[in-house]
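Take a look at the letters that make up each chain.
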Amino acid sequence: MNSPGLVEVRNLVFGYDRTRLIDDISFSVPPNDFLVVIGPNGGGKTTLAKLILGLLHPWSGEVINHFSTGHGRIGYVPQFSGFDWQFPLLVRDVIAMGRLALSPAGRRFTRADRQAVGAIADRMQITGLLDNFVGELSGGELQRVLIARALVSDPEFLILDEPTASISSDSRKLLNDILTDLNRKIAIMMISHDATVITSQVKRIACVNRKLYLHDSGELPADSLEKVYGCPVEMIAHGIPHRVLGDHRH
Amino acid sequence: MNLFELLQYDFIRNALLMAVLVSIPCAILGTFIVVRRLVFIAGGLSHVAFGGLGLFHFLGLPPLFGGFIFAGLTALILGISGRVKRLRQDALIGLLWSAGMALGILFISLTPGYAPNLMTYLFGNIITISIGDLGLALGLNLVIIIIIILFFKEFVAVSFDDEFAALQGVPVRLFMTILLLLVSVSIVLLIRLVGIILVMALLTVPPLMGMQIARRFSRIMTTGVISAMVISLAGLVLSFWLDLPSGPIIVVTAVCSLGLVTGIGAIIRRISAASE
């Protein structure tokens, strides 16, 4: 193996009830990685992310972090469809939750916290929305609020779960620009069930379906899709950009 | 009789003071209950409380303490096991709900002699509120207010997105357990005023009214507190005047006020939409 990465995943095994959903997965995330994780629904992508985040505990195996500090150093952008967006919070309230690790319990948020929220909102181009209620926002705007919440704690590694699902193509382009910019400083792992999200700045692709198949380039050999999905023809019909498929050798 | 004549009676003054005091925790915790969709769990806790009430009544101990012990233990188990999230539609709550009622009724029936207290606990009884009760309610109010103000951002974070809060190092189960314990305290306080069956109206109507008037979490709470005070005081006064049971009158007042405020809100929104 190469030098220790930012995050190292070693022989992870996990499942619900008795069924294995994650079966002996090992890989490491180097600093400045841009890893896209694809795979079928129910294949274990989100579960893998939650294991890395420590929200779930593996049956066996381990996740080792080499961050410079402790809590809050992995930013997490969950699927926004899972939220109750009628919750009576302003955009600034939601983003401030990313400062909880830095703000001791029993104390209010400080001016420094509020400034950090303002600065990150500026970067996500949602400054004008700070005093809106989250229930009033579009999908793309909510996505940027969740990214701002993850980034406001200044993480070294950002995990996004299906960030491009149900947002407009304009928002998608903006999101791509934001992620490209972020990737200059921090590592990114982006989950997607939709292989068409793969953009030019992606450095590596992993297919997760119980096992993990890692491809150390932004290109994906056709046979690995076959292994993961079981049907390459169908994948092409779903519209994979051709360059992702790489060289076909028959 | 007019209001000033009524106020000469100690028990009426105590009842009105009690109404003001219980309004505070019921609106504060009611906001969390409504926004976090814990209404069913709160209902379960209040009915479990009835089991403890019955047991302590049977043993000749102060019944409300029994109610708090039963509801508090249930809150502790639900909170620590971290099952709150899944329990929203869970059958277990329905089970606790009926079991608590059944136990309560059985214990009260087993108690020798006449059992007038059954109706008292189910629908509230404001006649017997003592200065001691008021002191206890005041103390519990202070505890609830201090805890909620101190950890407000943590409670909101845990309610909105417990996974993210956990990532930020917030002890999610601890805060959820504390929240449910505070809900249990509020329920037991409310039982004194309106009884078990009617508790849910006072936990849900004030925050719902708050939502009609305000939109931000903290403002919904404060508006809810004022709404709860107005509702319970108006309900009590109405019940004295009409000589009808206070619990049901308070609940009817609450529901009518909510309907009124919602209607006015809808009209205002329509007018402001039309004028744009």
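These numbers were taken from a predicted model, which means no experiment stands behind them. (Residues numbered from 1 in each chain as written. Chains lettered and ligands numbered in written order. Predicted model: local features only at pLDDT ≥ 70, side-chain atom pairs only at ≥ 80, totals over all residues. Heavy atoms only, no water.)

A word on the confidence of the model for chain A. All names here are of chain A. Of all residues in chain A, 80% have pLDDT values of 70 or greater, and the mean over the chain is 80. Across chain A, helix 2 (residues 91-96) holds the top mean pLDDT of 95, while helix 7 (residues 232-237) sits lowest at 34. Considering only residues more than four positions removed or in separate chains, one finds that residues 229-250, a stretch of pLDDT under 50, has 37 contacts. (pLDDT = per-residue confidence, 0-100. Helix = DSSP H or I, 4+ residues; strand = E, 2+ residues; numbered from the N terminus. Contact = heavy atoms within 4.5 Å.)

Below, the discussion takes up the packing of aromatic side chains. Inspection of every chain in the model, using the stated rule, returns 15 aromatic pairs over all chains. Between A:Phe83 and A:Trp85, the ring centres sit 4.8 Å apart and the planes meet at 35 degrees, which makes this aromatic pair tilted. Ring geometry for B:Tyr9 against B:Phe11: centres 6.1 Å apart, planes inclined by 55 degrees, an arrangement best described as tilted. Judged by its relative accessible area of 30%, B:Phe11 falls in the partly exposed class. Through a chain of ring-to-ring contacts, three or more aromatic side chains come together here, namely A:Phe83, A:Trp85, A:Phe87, B:Phe32, B:Phe151, B:Phe152, B:Phe155, B:Phe160, B:Phe175 and B:Phe217. Positioned above the aromatic ring of B:Phe164 is the side chain of A:Arg149, whose terminal nitrogen or guanidinium carbon lies 3.6 Å from the ring centre. A cation sits over an aromatic face here: B:Lys153 above A:Phe109, 5.5 Å from the ring centre. (Phe/Tyr/Trp six-rings, centres within 6.5 Å; stacked < 30°, edge-to-face > 60°. Buried < 20%, exposed > 50% of the residue type's maximum accessible area, 1.4 Å probe, protein only. Lys NZ or Arg CZ within 6 Å of the ring centre and 35° of its normal.)

Our focus in this paragraph is the nonpolar core. For soluble globular proteins, the rule of thumb is that nonpolar side chains tend to be buried together. Formed by 126 residues in total, the largest nonpolar core has its most connected members in A:Ile95, A:Leu158, A:Leu179, B:Ile148 and B:Leu203. Broken down by element, this core gets its largest block of residues, 15 residues, from helix 2 (residues 10-35) of chain B. If you look at the next biggest cluster of nonpolar residues, it comprises 29 residues, including A:Leu48, A:Tyr76, A:Ile191 and A:Ala206. (Core = buried A, V, L, I, M, F, W, Y, C linked by side-chain atoms within 4.5 Å.)

Turning our eyes to something else, we now look at the sheet that holds strand 2 (residues 19-29) of chain A. Residue and element names in this part refer to chain A. Sheet architecture is open: three strands sit in the order 2-1-4, paired in antiparallel fashion. In this open sheet, the two strands that pair with only one neighbour each are strand 2 and strand 4 (60-65). Adjacent strand axes in the sheet meet at a mean angle of 20 degrees, parallel and antiparallel pairs treated alike. (Pairing = 2+ DSSP bridges. Axes fitted to C-alpha atoms, helices over the stretch in contact; angles between N-to-C directions.)

Okay, the pairing of strand 5 (residues 74-77) of chain A next. All names here are of chain A. Every second residue of strand 5 is oriented toward a common face, with Ile 74 and Tyr 76 on one face and Gly 75 and Val 77 on the other, all of them buried. Taken together, the four bridges between strand 5 and strand 6 (residues 157-161) define a ladder with parallel strand orientation. Looking at strand 6, one finds that Val 77 is bridged to Leu 160.

Residue pairs three or four apart in sequence face the same way in an α-helix, which turns once every 3.6 residues. All names here are of chain B. Helix length check: helix 4 (residues 63-80), at 18 residues, gives a terminal C-alpha distance of 26 Å against a target of 26 Å (1.5 Å per residue), a fit within 8%. All of the buried residues along helix 4 are Pro 63, Gly 66, Gly 67, Ala 71, Gly 72, Thr 74, Ala 75, Leu 78 and Gly 79. Count one or two residues on from helix 4 and you reach Gly 82, which has phi positive near 65 degrees. (Expected span 1.5 Å × (residues − 1).)

Attention shifts here to the sheet that holds strand 8 (residues 204-209) of chain A. Residues and elements named next belong to chain A. Pairing in this open sheet of six strands is mixed, and the strands run 5-6-7-3-8-9 from one edge to the other. If you trace the sheet from one side to the other, it starts and ends with strand 5 and strand 9 (211-215), each paired once. Neighbouring strand axes in the sheet, compared pairwise and without regard to direction, differ in orientation by 15 degrees on average. Relative to strand 7 (residues 187-191), strand 3 (residues 34-38) runs parallel, the two sharing four bridges. Pairing of Leu 35 across the sheet is with Met 189, part of strand 7. Set on the sheet, helix 1 (residues 45-53) makes contact with strand 3, strand 5, strand 6, strand 7, strand 8 and strand 9; between it and strand 7 the angle comes to about 145 degrees.

Right, let's get into helix 10 (residues 172-194) of chain B. Residue and element names in this part refer to chain B. Helix length check: helix 10, at 23 residues, gives a terminal C-alpha distance of 32 Å against a target of 33 Å (1.5 Å per residue), a fit within 8%. Across the 23 residues that make up helix 10, a large majority, 19, are buried. Looking one or two residues beyond helix 10, the residue adopting positive phi is Gly 195, at roughly 85 degrees.

The partner chain B presents 22 residues to the 35 residues of chain A that form the contact. Buried area between chain A and chain B, summed over both chains or domains, comes out near 2,500 Å², and the portion from carbon and sulfur atoms is 67%. Broken down residue by residue, the surface that chain A buries against chain B is led by A:Phe87, A:Pro88 and A:Leu100, which jointly contribute 25%. At the junction of chain A and chain B, the tally comes to five salt bridges. Note that A:Arg149 and B:Asp161 form a salt bridge whose closest N and O atoms lie 3.0 Å from each other. Counting across the chain A and chain B interface gives eleven residue pairs in polar contact (both at pLDDT 80 or more). (Buried area = accessible area lost by both parts, 1.4 Å probe. Salt bridge = Lys/Arg side-chain N within 4 Å of Asp/Glu carboxyl O. Polar contact = N/O pair within 3.5 Å; in protein donor to acceptor, adjacent residues only side chain to side chain.)

Residue and element names in this part refer to chain B. Looking at where Leu 236 falls in the secondary structure, it is placed in helix 12 (residues 217-242). Put simply, Leu 236 and Gly 132 are 104 residues apart on the chain and 20 Å apart in space, counted from C-alpha to C-alpha. Apart from residues no more than four positions distant in its own chain, Leu 236 is found in contact with Ala 15, Leu 16, Ala 19, Ile 126, Ser 246 and Ile 250.

Residues B:Phe65, B:Phe68, B:Ile69, B:Leu73, B:Leu76, B:Ile77, B:Ile80 and B:Leu136 make up a contiguous nonpolar surface patch of about 730 Å² in total accessible area. Examined against the element boundaries, B:Ile77 turns out to sit in helix 4. (Patch = residues over 30% accessible without salt bridge, like charges linked within 9 Å, V, L, I, M, F, W, Y side chains within 5 Å. Areas by Shrake-Rupley, 256 points an atom, 1.4 Å probe, with all protein chains shown as cover.)

Glancing now at the packing of helix 2 of chain B against helix 12 of chain B. All names here are of chain B. One can describe the packing of helix 2 onto helix 12 by two numbers: an axis separation of 8 Å at closest approach and a directional angle of 145 degrees. The hand of the helix 2/helix 12 crossing is right-handed. Here the contact of helix 2 with helix 12 is built from residues that sort into 21 nonpolar, four polar and no charged. (Left-handed = near helix turned anticlockwise from the far one by under 90°. Nonpolar A, V, L, I, M, F, W, Y, C, P; charged D, E, K, R; others polar.)

This part is about the side chain of B:Thr204. All names here are of chain B. Relative to the elements of secondary structure, Thr 204 occurs in helix 11 (residues 199-213). A distance of 2.7 Å separates a polar atom in the side chain of Thr 204 from the backbone oxygen of Met 200. Among all residues touching Thr 204, those that are not within four sequence positions of it are Val 34 and Val 39.

Our next topic: the environment of B:Ile178. By the secondary structure assignment, B:Ile178 is in helix 10. When the C-alpha positions of B:Ile178 and B:Leu110 are compared, they lie 34 Å apart, and in sequence the two are 68 residues distant.

Under the criterion given, the structure shown has 17 salt bridges over all chains. In this structure, B:Arg37 and A:Asp84 form a salt bridge, with 3.0 Å as the shortest nitrogen-oxygen distance. Residue B:Arg37 is found in the loop between helix 2 and helix 3 (39-59), and its partner A:Asp84 is found in the loop between strand 5 and helix 2; the two belong to separate chains. Among the residues examined, B:Arg37 registers a relative accessible area of 42% and is labelled partly exposed. A:Asp84 gets classed as partly exposed once you look at its relative accessible area, which sits at 24%. A salt bridge links B:Arg215 to A:Glu136, with the shortest nitrogen-to-oxygen separation between them at 3.0 Å. Pair noted here: B:Arg215 is in the loop between helix 11 and helix 12 and A:Glu136 is in the loop between helix 3 (111-123) and helix 4 (139-151), and the two residues belong to different chains. In this structure B:Arg215 comes out as partly exposed when scored by relative accessible area, which is 45%. Taking the relative accessible area as the measure of exposure, A:Glu136 reaches 40% and is therefore partly exposed. Where salt bridges share partners, they join A:Arg20, A:Asp23, A:Arg210 and A:Lys211 into one cluster.

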